[in-house]
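Structural overview
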Amino acid sequence: METGTAPQVRVNGEVLDLEGTDPCTNALDWLRSRGLTGAKEGCAEGECGACAVMVARPDGVGGTHWAAVNACLAPAASLAGREVVTAEGLGTPEHLHPVQSEMAVRGGSQCGYCTPGFVCSMAAEYYRADRRATPTGADAGADDAGAPSPAHEAPGPNGFDLVAISGNLCRCTGYRPIRDAAFALGFPAVDDPLATPAEATSSAPAPCRVEGAAGSYVRPTDLAEALRLLGEHPDAVLVAGSTDWGVDVNLRGSRAPFVIGIDRLPELRALERAPQHLELGAALTLAELERGLAGEVPLLAAVLPQFASPLIRNTATVGGNLATGSPIGDLAPALLALEASVVLEGPAGSRVVPLDTHFTGYRSSVRRPDEVIRSLRVPLPLAGLTAFHKVAKRRFDDISGVAVGLALHVEDGVVARARIGVGGVAATPLRATSTEAALEGRPWTEQTVRAAAAVLREEGTPIDDHRASAAYRRAMLAASLVRLWAEGGAPEAVHA
Amino acid sequence: MSGVRIPSDDLVVGRPLPHESAALHVTGAALYTDDLVARMPGALHAHPVQAPHAHALVRHLDVTPALAVPGVVRVLTGADVPGVGDAGVKGDEPLFPTEVMFHGQAVCWVLGETLEAARLGALAVEVAYEPLPAVVTVREAIEAQSYQGGMPRLERGDVESAFAGAAHVYSGVTECAGQEHFYLETHCSLAHVDESRQVVVQSSTQHPSETQEIVAHVLGVPSHAVTVQCLRMGGGFGGKEMQPHGLAAVAALGATLTGRPVRLRLSRAQDMSMTGKRHGFHTRWRVAFDDDGHLLALDATLTSDGGWSLDLSEPVMTRALCHVDNAYWIPAVRVNGRIARTHKTSQTAFRGFGGPQGMLVIEDVLGRCAPRLGLDPAELRRRNFYREGQATPYGQVVRHPDRAVTCWEQVLETGEVARRLEEVARFNATHEHTKRAIATTPVKFGIAFNFTAFNQGGALVHVYKDGSVLVNHGGTEMGQGLHTKMLQVAATALGVPLDLVRLAPTRTDKVPNTSATAASSGADLNGGAVLDACIQILDRLRPVAAGLLGCAARDVVVYDGRVSASGGPEDASLTWAELVSAAYVQRVQLFAAGFHRTEGLHWDSSTMQGSPFKYFSYGAAAAEVEVDGFTGAHRVLRVDIVHDVGDSLSPLVDVGQVEGAFVQGAGWLTLEDLRWDETDGPQRGRLTTGSASTYKLPSLSELPDDFRVALLERAHEDGAVYGSKAVGEPPLMLAFSVREALRQAAAAFGPEGVAVDLASPATPEAIFWAVEQARGGGVPPGLEAVVEGAPGVVPDQPGASAPPVVPASEELVPAPGLGV
Ligand SMILES: Cc1cc2nc3c(=O)[nH]c(=O)nc-3n(C[C@H](O)[C@H](O)[C@H](O)COP(=O)(O)OP(=O)(O)OC[C@H]3O[C@@H](n4cnc5c(N)ncnc54)[C@H](O)[C@@H]3O)c2cc1C
Ligand code: FES
Ligand code: FES
């Protein structure tokens, strides 16, 4: 028998039945069909945040916290066992929630279409348990020339991290009043019922099965069951955070009769430190990875804030990012530089594949259809000099035109080992092996850097497209190495 | 003690109130058109069949396979149209085309029980296309001489002799991209036939009256048989001025044919691939300066990318030509306009309506020429400002040119620009890989529809027996705060507290024959009409009050719900409700229709001369940016703005408009990148940045780190509603300050005084090439170098032999379909 509990979700305090929901029905359409029209569709691809709602999630330390997510991407069925709050659930026009009240009085809404989503993203941050007032506020980040820190990078005097609302787009306001509203917020009252989500505080997986007319959504108990289901249903689709698959469903008409939800499989959610390597569970969300590593791997700490938006990072998983095999994914170039391996688990057991032999062509890999990515393995010790350079049109939350991960071991002034991963310049993410060769064994000097940059410029086969021209991509490859040198790679800095 | 004192500084207008729907917005309780579907049981869903070619003939269309798809109810094709099968007012936009004119055009619509059924049905429709050659870019259109509409010429002075004698002549090309509106709410219509056999269409439209007209002519019924309502829109920005009509007509057609409500909501991808955008422009220019940097002459030919049909392209071009001067006096001017016909969406109104594209020309010219003239760009700009008594090239005297100067000087002063310029110089001297710059630019923008007839507005104000007030007016609410302002105007005019006044949704059966809520004129026109209605009512109430208070009618004062006699004793007063109820008993009419027409306007489009604008709005902005020399990425560090909105009706709303417009303008100029497939491949003509993941809007990270907006003080505008000025569009053009700062920061990577050409939008890649140019790397790819020397490269002069522009909007043809 396949596991499953009664598929229900609690929305704004009310328990609603999910039975009969198709696996391709997203949470936004489902909520709206229930009359909860506060959340809006602005794009249906995770870019605008008009659909944002709050979901109670395990916080990793035994409790729960509110995470804002894009309802347009999540299968409604994946909410089984969750607690959800929408803008309607936060307050009413007569009794506004503090977040709603600040947004209303400060002119944070003009047309109002983006507003319910903003309110949910903002409320999730409002309730963040470790948010603390920072008396110096935004001034704390001023740089040497006295310029203020970028708008979204310095927390407010109330500790509000603007990154939390950076996945929400507003076409009307220009954001200033929204920023002011966020920074004007106080702290939740002790008796605020939302301060602690009501959902059971355990982080145990909630196995479920939701049957709809067009197919089923199943969340198995463990990896073994997932693999068995995968074997039994050749047409099954694995879904973790659904940030990639959800876009395919909404925009490209992908449909699946059998969806296996692997986002809560305990085997895929470990973050372990072994003497020789770090093991990163495939179903960890990027947000969990960022919190869990807390800067331990500087190269990843450089990537994660530049990856999508916080709404996406709250759901998108590490495994999902690699499984798509996207040539413009951001993790692959970094993980290539870190010499990571992929741990694949199938009916015949597990195998460890170095990432640089994992991708075989455009969006294809050595992974067999009956295998699941279990984890990523990052060998230790880490290189001393690393950087991640992402070039895109918009500074944050944009897909890379070019992404470069760099990891250099410099010993006694000589490049002992160089690993460079690049994305956006070929059908797959690549290692820039010629450049690595041009660096290794050479003295770490500007001359070496310039010579190697010329080699890096010619790596891959970049094309002209709507993101960037081939010429610009080449220039950016070269610039990434020069920048590493200029921004702290020069010897004084290495030994500082 | 003497009686009531009306504190003139405490009127309801002028108070910084939040948006009237703010509490509904933040709680998700504010309803938009698509939110109504849940309240309309049995609604069908419409899905288009979109053509996969930029230009093709529809050889064969077979809908039978679609009808076999479960849940498909009907497929709408051209054969179903009882009236006129056209989505526009000019007869050049077939609703069900037999010749596909752009990639993604809808050839028919499938109605399904669910959206999924309609989608699958659309996939099943069989269409045979015969592809034809397509013109995709403006340059291709110029090459192929593919134009549409009139070719206006605006001329003043002796241009040729000005060039002949000039100390400095430069020639060049300036191109700018279009812009997707990206209102967060995509187009939506929900139509049904009501119990009185009236066709009711809920539509996200900025122009309900025209939507009504088009629905009526498609259905072949008189306008009185159709009512269009717009509750509110999730943004419009001009994109819902002309574009909703055809969509509303399809929904209405479906509803009349099936007898069931029909919902037509575009997905983001459909909206982007099917609806019009801001026009991109190509301009060839030559310009003459004297030795002091004074502009002597400008000779330019502007070619807009009109897309497949005319839409609003003619008035957009007219406004562009009327704004090439921006705030600058140019003695001799000859500017030609022509509209390219390309196989793209039909480009349309977008905040600024051609004004930004026209102004970009002169700002680009000044930014490129300043280093060549050896002048600081800010000094060059300041030197050329209009002075009292001077007139625009189209002959309108520039009133209040000193306000531009005041805004400019206040921005420099409060922004401490002089001090910060020194800091920037120090920063640049010590930073090899990042450079900063501050640029200041002015705005002068004409307010009113160029076409005089559109400058009228209507309102309907009801006072009920209990004293409560209901206001209807012809304008639509799209976030710009029009309804908030109208509530303030009504409360002020009647002298009642704000909470006594309610605003009802915009409907064509309440106020007919309205103009589009556009050209920033919503508050001017509808405010004038609301005011007129309120004054009529008050004039009828005064004698009633006078009788009760025993004073002269002219001494009756109504303020904050109290009615008293000026100079009379304080205790001898009535409440508003008492007055109203007494008036009812005395059989006094308690409701009124208000009307407003803007006086003093005239415009002759054959000569392109006249006084088309009621007044000019002014502003100035100083923007500081930082550019990364490795990638060309930038940050906006600080922006200071001083903007003229007259006496603000609603300061919170107005500041919001200024900020929002500025950020939207900066998006157009630095980030938003419309790209069409220009290759000869099978996807030619497809919008390659047609989704939220490929077309990037400004996000929170583009908000200037430090953003300071001030409204110009002592800015009363005579003859406007409570001395106020329009605000929706003008501040968008303050964003030129960002573009010019980026140019200057890029130049800072090169030797002192180097001139830099910057593509628009100034994406990181474009800025990177500008930085490379400054470093000695040559003109950026795709741009043309500025040519120096008299008499310059003369642009094409199409206007000489071409027909004058007579915007079809000015040909007031009787609405078809009436049979009268
Ligand atoms: C708005 C937005 C912004 C984005 N920005 C970025 C960005 O900046 N940089 C970037 O790199 N990417 C970006 N992405 C793409 C994003 O990285 C991926 O969508 C995400 O990491 C995929 O993870 P997921 O868990 O959501 O995958 P899902 O959507 O759940 O799955 C994606 C695919 O991977 C498969 N899969 C998932 N997990 C496993 C597993 N453990 N084993 C085997 N197969 C598996 C699924 O079967 C499916 O085919 C963005 C996406 C969106 C929607
Ligand atoms: S609708 Fe845009 S992110 Fe969900
Ligand atoms: S208020 Fe209109 S999109 Fe934000």
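1. Some remarks on the overall build of chain B
- In terms of helices and strands, chain B carries 19 helices and 31 strands.
- Its C-alpha atoms give chain B principal-axis dimensions of about 85 × 80 × 50 Å.
- Classification of the 820 residues of chain B by burial places 65% in the buried group.
- Considering only contacts in chain B between residues 6 or more positions apart, those separated by 24 or more positions represent 81%.

2. Digging into the overall build of chain A
- Looking only at helices and strands, chain A features 16 helices and 20 strands.
- Here the C-alpha radius of gyration of chain A, 23 Å, is about what a compact globule of 496 residues would show, namely 23 Å.
- Projected onto its principal axes, the C-alpha coordinates of chain A cover approximately 70 × 60 × 45 Å.
- When contacts within chain A are restricted to residue pairs at least 6 apart in sequence, long-range pairs at least 24 apart make up 68% of them.

3. Structural notes on the domain arrangement of chain B
- What the domain assignment lists for chain B is domain 1 (8-28 + 456-597) and domain 2 (134-384 + 790-820).
- Across the boundary between the two partners, domain 1 of chain B contributes 17 residues, which contact 20 residues of domain 2 of chain B.

4. Considering the site of ligand 1
All names here are of chain A.
- Among the 33 residues in the neighbourhood of ligand 1, the closest are listed as Gly46, Gly241, Ala308, Gly319 and Gly320.
- At the level of elements, β8 (237-239), α7 (245-252), α11 (318-323) and β16 (372-379) are the ones that each hand at least two residues to the shell around ligand 1.
- Looking at which domains feed residues into the shell around ligand 1, each of domain 1 (1-208) and domain 2 (266-379) gives three or more.

5. Thoughts on the domain arrangement of chain A
- The domains assigned to chain A are domain 1 (1-208), domain 2 (266-379) and domain 3 (385-495).
- With 15 residues of domain 1 of chain A in contact, the opposing surface of domain 2 of chain A contributes 10 residues.

6. Comments concerning the nonpolar core
- Core analysis: the biggest nonpolar cluster contains 422 residues, and Val215, Ala251, Ala490 and Ala746 of chain B have the highest contact counts within it.
- Take this core: its biggest share by element is 12 residues, from helix α15 (residues 522-549) of chain B.

7. Here we look at the packing of helix α14 (residues 446-457) of chain A against helix α15 (residues 470-489) of chain A
Residue and element names in this part refer to chain A.
- Where α14 contacts α15, the axes come no closer than 8 Å and their chain directions differ by 160°. The orientation of α14 relative to α15 falls into the category roughly antiparallel. When the axes of α14 and α15 are compared, the crossing they make is right-handed. Note on element contacts: α15 touches α14 through Arg474, Leu477, Ala478, Leu481, Val482 and Trp485, opposite Glu446, Val449, Ala452, Ala453, Ala454, Leu456 and Arg457.
- Among the residues making up the contact of α14 with α15, the classes are represented as 10 nonpolar, no polar and three charged.

8. Focus on the confidence of the model for chain A
- Residues of chain A with pLDDT of at least 70 account for 92%, and the chain-wide mean is 91.
- Every residue in residues 137-149 of chain A scores below 50 in pLDDT, and together they form 20 contacts with partners more than four places removed in sequence or on other chains.

9. So, helix α4 (residues 115-126) of chain A
Residues and elements named next belong to chain A.
- Across its 12 residues, α4 extends 16 Å between first and last C-alpha, which sits within 8% of the 16 Å expected from 1.5 Å per residue.
- Counting buried residues along α4, 12 of its 12 residues qualify, which places the element largely inside the surrounding structure.
- Along α4, the residues classified as buried are Thr115, Pro116, Gly117, Phe118, Val119, Cys120, Ser121, Met122, Ala123, Ala124, Glu125 and Tyr126.

10. Details of the sheet that holds strand β11 (residues 199-203) of chain B
All names here are of chain B.
- Taken in spatial order, the eight strands line up as β3-β5-β1-β13-β10-β11-β12-β21 in an open sheet, and their pairing is mixed. In this open sheet, the two edge strands, each paired with only one partner strand, are β3 (72-76) and β21 (506-507).
- Bridge count between strand β10 (residues 188-193) and β11: five bridges; the pairing is antiparallel. Directly across from His192, in β11, lies its bridge partner Val200.
- Lying on the sheet, helix α6 (residues 208-219) is in contact with β11, β12 (226-230) and β21; it crosses β12 at an angle near 145°.

11. As for the environment of Arg313 of chain A
All names here are of chain A.
- Secondary-structure assignment places Arg313 in helix α10 (residues 310-313).
- The class of Arg313 is buried, set by 24 C-beta atoms lying within 10 Å.
- Residues Arg313 and Gly167, 146 residues apart in the sequence, show an inter-C-alpha distance of 9.7 Å.

12. Quick notes on the sheet that holds strand β4 (residues 99-100) of chain B
Residues and elements named next belong to chain B.
- Strand order in this open sheet of three strands is β4-β2-β6, and the pairing throughout is antiparallel. Both outer strands of the open sheet, β4 and β6 (126-131), are each paired with one neighbouring strand and no more.
- Relative to β6, strand β2 (residues 56-62) is paired through six bridges, and the arrangement is antiparallel. Bridged to Leu57 within β6 is Glu130.

13. Describing the interface of chain B and chain A
- If you look at the interface, chain B gives 64 residues, while chain A gives 70 residues.
- At the level of elements, α1 (22-27), α8 (268-274), β29 (634-643), α17 (651-670), β30 (706-711) and α19 (764-777) of chain B are the ones that each hand at least two residues to the side of chain B that touches chain A.
- In terms of residue class, the side of chain B that touches chain A is made up of 30 nonpolar, 23 polar and 11 charged.

14. Some details on the pairing of β16 of chain A
Residues and elements named next belong to chain A.
- Here β16 lies mainly inside the structure; seven of its eight residues are buried.
- With five bridges connecting them, strand β11 (residues 277-281) and β16 associate as antiparallel partners. Residue pairing in the sheet places His277 in a bridge with Pro379 of β16.
- In this structure, strand β12 (residues 341-346) lies alongside β16, joined through five bridges in antiparallel fashion. Bridging from a neighbouring strand, Val343 pairs with Ser375 of β16.

15. Thoughts on the confidence of the model for chain B
- Residue-level pLDDT values for chain B average 95, and 96% of them are 70 or greater.
- Segment residues 808-820 of chain B is flagged for pLDDT under 50; beyond a separation of four residues in sequence, or across chains, it makes 21 contacts in the model.

Rules and cut-offs
- Residues numbered from 1 in each chain as written.
- Chains lettered and ligands numbered in written order.
- Predicted model: local features only at pLDDT ≥ 70, side-chain atom pairs only at ≥ 80, totals over all residues.
- Helix = DSSP H or I, 4+ residues; strand = E, 2+ residues; numbered from the N terminus.
- Buried ≥ 20, exposed ≤ 12 C-beta atoms within 10 Å, placed from the backbone.
- Contact = placed C-beta atoms within 7 Å.
- Rg over C-alpha atoms; globule rule 2.2 N^0.38 Å.
- Domains from an automatic or database assignment.
- Near = placed C-beta within 6 Å.
- Core = buried A, V, L, I, M, F, W, Y, C linked by C-beta atoms within 7 Å.
- Axes fitted to C-alpha atoms, helices over the stretch in contact; angles between N-to-C directions.
- Parallel < 35°, antiparallel > 145°, perpendicular 65-115°, else oblique.
- Left-handed = near helix turned anticlockwise from the far one by under 90°.
- Nonpolar A, V, L, I, M, F, W, Y, C, P; charged D, E, K, R; others polar.
- pLDDT = per-residue confidence, 0-100.
- Expected span 1.5 Å × (residues − 1).
- Pairing = 2+ DSSP bridges.

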